[in-house]
Amino acid sequence: MVVITLQRNKCIGCNYCVELASSQFQMSKKDGKTVLLHSKEKKGFFTVKYNDENILDDCKKAAKACPVNIISVKSI
């Protein structure tokens, strides 16, 4: 299982996560920040769990590319 967490309020809208993992992230047309698809928000953290391990590499690349380090990816 892959767990992805995003601190959306700190997003600067660079779009790297969308370029590297477009099946999990997209940019909001409303405010220009990234959206973690299908996530639930709790205290400013948006989290989603996927049973698909195939997304792990792309999500880790997105987390590493993020200039403000607001994406966390774990495999549990």
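Computed from a predicted structure; not experimentally measured.

**Student:** Explain the pairing of strand β5 (residues 45-50) to me, using residue names and the numbers behind them.
**Tutor:** Across a regular strand the side chains alternate sides, sitting on one face of the sheet and then on the other. Across 5 bridges, the pairing between strand β1 (residues 2-6) and β5 is antiparallel. When the sheet's bridge partners are listed, threonine 5 is paired in β5 with threonine 47. As paired elements, strand β4 (residues 40-42) and β5 share 3 bridges and run antiparallel to each other. By the bridge assignment, lysine 40 is partnered in β5 with threonine 47. Count of turn residues in the β4/β5 antiparallel hairpin: 2 residues, of which lysine 43 carries a positive phi of about 55°.

**Student:** Now, about the side chain of threonine 34: what can you tell me, with residues and values included?
**Tutor:** With respect to the helices, strands and loops of the structure, threonine 34 is situated in strand β3 (residues 34-36). Its relative accessible area of 2% is what places threonine 34 among the buried residues. Of the polar contacts made by the side chain of threonine 34, one reaches the backbone oxygen of glutamine 26; its length is 3.5 Å. In this view, threonine 34 contacts Leu6, Arg8, Cys11, Cys17, Val18, Phe25, Gln26 and Met27; residues no more than four positions away in its chain are not counted.

Rules used in this analysis
Residues numbered from 1 in each chain as written. Predicted model: local features only at pLDDT ≥ 70, side-chain atom pairs only at ≥ 80, totals over all residues. Heavy atoms only, no water. Pairing = 2+ DSSP bridges. Helix = DSSP H or I, 4+ residues; strand = E, 2+ residues; numbered from the N terminus. Buried < 20%, exposed > 50% of the residue type's maximum accessible area, 1.4 Å probe, protein only. Polar contact = N/O pair within 3.5 Å; in protein donor to acceptor, adjacent residues only side chain to side chain. Contact = heavy atoms within 4.5 Å.

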